[in-house]
Every structure is written in structure tokens, then in C-alpha cells.
Amino acid sequence: MTIHSTSFPRATRRFALGALAGLALAATGAIAQSYPTKPVRLVVPYAAGGSADIAARLITDEWARALSGTMFVENKGGAGGNIGVDMVAKAPADGYTIGLQTVSLAINPSLTPKMPYDTLKDLAPIGMVASSQHVLVVNNDLPARDVKELVALLKAQPGRYSYGSAGPGSTFHMSAELFKAVAGTDVVHVPYRGGGPALVDTMSGQVAMSFPVLSAARPHVQAGKLRALGVTGPQRSALLPDVPTIAEAGVPGYAFETWFMVFAPAGTPQPVLDKLNATLNQALGSSALKERMVREGFDPLPTTPAQARTRLQSELGQWAKLIKERGITAE
């Protein structure tokens, strides 16, 4: 004889459902308590040596120590970071494959016609790691000594001058396009295969200006090979304390920072995400790690998973608006 669930009294069914929910919560809690039982893979969606790779390798030892586990970095570059992020999105949601990406996580969906993943649906933010600034540098022969003079020069001769970037869709590119939009200038984009060649050609005068990562430009500025007119962030940088922000130097309202976020596949148990977040923030609070990060041009940026998701969601909309209005493409 088949017994249907409706044969049980309602109170009995509620008790059974409550017991099952309790067992599920207990099992999830037990998983989080024992996690990790094997090495955690941190995927960086770019080649070794770039800012995302440096940020990942700076935090892994301290984070693994706080997690009482082992963590290693795996580089999986291609398609502006989309290949590596997609690998994380499609990995088992068990906390053993996570990723680290830059602000490109918010930029790429508006530049890529067919994304292999849905940023908000397929990824679960763990937390922010850090932010870092770019810097507006110009060739020494350019007749502009500060940001106001540069804007006046660019407006007087629209389309005459060019800027170099690390490639379409790169943070070099987007920080410059944001500058053009806020300052109301017309500068020609010259994309390169990486930030190094763009910097070299800025020094040689092949392009007039560029917006490199501050830590990469700093040695050339200090050696007198480039002139720094302004940093892109909302406040001055300890690495170049005498250089004003672009906003205070003549383009009010301008601010751009590269941020770094770690994330897991959607569906990763919340207790595992919370444990990863708590231990990440513990690591970021280490004075030794803070010192190393600042020396490399990073400002630690601990958050909750919810705060990271809110920032990602907000910037997805902001970049979509700018990219559409400016007609920016990844080609």
C-alpha cells in the first residue's frame, strides 16, 4: 500500500520538514567547520607578472595561514580575463576553486557581445582585496606642465594627440576614456599588447600620454623619463605624495581606481563564503601584509561579501552607461 504525505497530520509534516532543514544546516555547518581539507586554487585570469597576479601572490600565504589550509595561484589568461573567470564560474561550488579579478569584472560584460558567464548569477563575491591607482603621465616634450594646461591643449587641438593603453578594455584604456568624458577632450586611442610597450612609447613620444598603473610608472617618473600630472584615485598616493589627484589638479569629478575582488562559483555554501571572507579580512589586517601591499601600490580593502556584491552591481551599471555613451568597443 502506498502512503501519501497527505496521510500524515499537518503538525507531523511540519516537524519532519523542520528536522530535515535542521539536518541540512548542521551538515552545511560541519562542511564549513572542516573546510578546507585540500588545497584551494586561486585562479588569476591573466598571465604572471601583472597587477592581478601580484595581488594574488601577495595575499595567498597570509590568507592560507588564517584559513589553516593551503592555497596556490593558477594563471589562466585570455579574452581580457573572461576565460579564467569562466573557469571559476563553471567549477564545483565547493570552495576549492576561487578567482581574483580586477575592475574588469564590471567592465567586460559591456564590452563583450557574448559573455560565457553571467557576472551576477554565476559568481558569488567573497570580498574585496585592495584598490590601486593609475597615474596620468605625459612625454617630457609635451607643452603641458599640469592637468589644466593639458586639458586646454587637448581642447585647442582636438584629435591631434594620442594616448597609449595596454589594450582595448584594459584599465589603462578605461581610465583614459573616463578622463576624456569628464574633461570633455578628444584624444586618439592607440592600443598596445600590454602596459610595458605603451609606457615605452609614451617616453619616446610616439604617444603623448598614458594612464599606467602607478607602481609601474613610478620608477620612470622618479628617473625623470616621464612627467606625472595627476593620480587617478580620490586621494593622493603615498608612492608619489607630491603628485595631486586629477580631480584636484583641474578635472573635478574624475576618479578611477582599479580594484581587486575574490569570488567563488555561485552556489558555494554561505558558511564557506563567510569563512573565506573572515580569513581574508584577517589576512588583510596583518601589519606585515599591509606594508608589503602598500609598497607594491595596493591599498587593502576589506569588505563583507554583501558589500563586494553591492559595489560590483553598482559599477556594472556605471561602466555600461559610459561604454554605451562613448561607443567604446573591445576591438
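Details of the structure are given in the entry above.
Presented here is a report on the structure given in the accompanying data block. (Residues numbered from 1 in each chain as written. Predicted model: local features only at pLDDT ≥ 70, side-chain atom pairs only at ≥ 80, totals over all residues. Heavy atoms only, no water.)

For helix H2 (residues 51-67), which comprises 17 residues, the first-to-last C-alpha distance of 24 Å matches the rise-based estimate of 24 Å (1.5 Å per residue) to within 8%. Of all the bends in H2, the greatest measures close to 40° and is centred on Thr60. For H2, the buried fraction is high: twelve of the 17 residues fall into the buried class. The set of residues buried in H2 consists of Ala52, Asp53, Ala55, Ala56, Leu58, Ile59, Thr60, Glu62, Trp63, Ala64, Ala66 and Leu67. Looking one or two places after H2, you find Ser68, whose phi comes out positive at around 55°. (Helix = DSSP H or I, 4+ residues; strand = E, 2+ residues; numbered from the N terminus. Expected span 1.5 Å × (residues − 1). Bend = angle between axes of the 7 residues up to and from the residue. Buried < 20%, exposed > 50% of the residue type's maximum accessible area, 1.4 Å probe, protein only.)

Along helix H8 (residues 195-204), the residues classified as buried are Ala198, Leu199, Asp201 and Thr202. Angular distribution of buried residues about the axis of H8 spans 165°; they occupy a single face of the element. Buried residues along H8 sit in contact with strand E5 (135-138), strand E6 (162-165), strand E8 (209-210) and helix H9 (214-222). Residue Gly205 follows H8 closely and has a positive phi angle near 95°. (Arc of directions from axis to C-beta. Contact = heavy atoms within 4.5 Å.)

Before going further, it helps to examine the sheet that holds strand E7 (residues 188-191). Within a sheet, neighbouring strands are paired by backbone hydrogen bonds and run either parallel or antiparallel to one another. With respect to topology, five strands assemble into an open sheet ordered E7-E6-E8-E5-E9, the strand pairing being mixed. The sheet is open, and its two borders are formed by E7 and strand E9 (227-231), each paired with just one other strand. Across two bridges, E6 lies against E8 in parallel orientation. Pairing of Gly164 across the sheet is with Ser210, part of E8. Strand contacts of helix H7 (residues 171-183): E5, E6, E7 and E8, with the helix running at about 150° to E6, the strand carrying the most contacts. (Pairing = 2+ DSSP bridges. Axes fitted to C-alpha atoms, helices over the stretch in contact; angles between N-to-C directions.)

Our next topic: the packing of aromatic side chains. In total, this model carries five aromatic pairs according to the counting rule given. The interplanar angle of 80° and the centroid separation of 6.0 Å between the aromatic rings of Phe179 and Tyr254 together place this pair among those described as edge-to-face. Taken together, the residues Phe179 in helix H7 and Tyr254 in the loop between helix H10 (246-249) and strand E10 (257-265) connect sequence positions 75 residues apart. Judged by relative accessible area, which is 0%, Phe179 ranks as buried. Residue classification places Tyr254 among the buried positions, given a relative accessible area of 2%. Taken together, the aromatic side chains of Phe179, Phe211 and Tyr254 make up a single cluster linked through ring pairs. Stacked on the ring of Tyr96, the Lys or Arg Lys38 has its end atom at 4.8 Å from the ring centre. (Phe/Tyr/Trp six-rings, centres within 6.5 Å; stacked < 30°, edge-to-face > 60°. Lys NZ or Arg CZ within 6 Å of the ring centre and 35° of its normal.)

The next thing to look at is unusual backbone geometry. For the bond running from Tyr35 to Pro36, omega is 0°, close enough to zero to count as cis. One non-glycine residue, Ala79, lies in the positive phi region at around 55°. Looking at the element boundaries, Ala79 is found in the loop between strand E2 (71-75) and helix H3 (82-89). What makes Ala79 exposed here is its relative accessible area of 51%.

Spatial relationships are all this shows, so hold off on functional conclusions.
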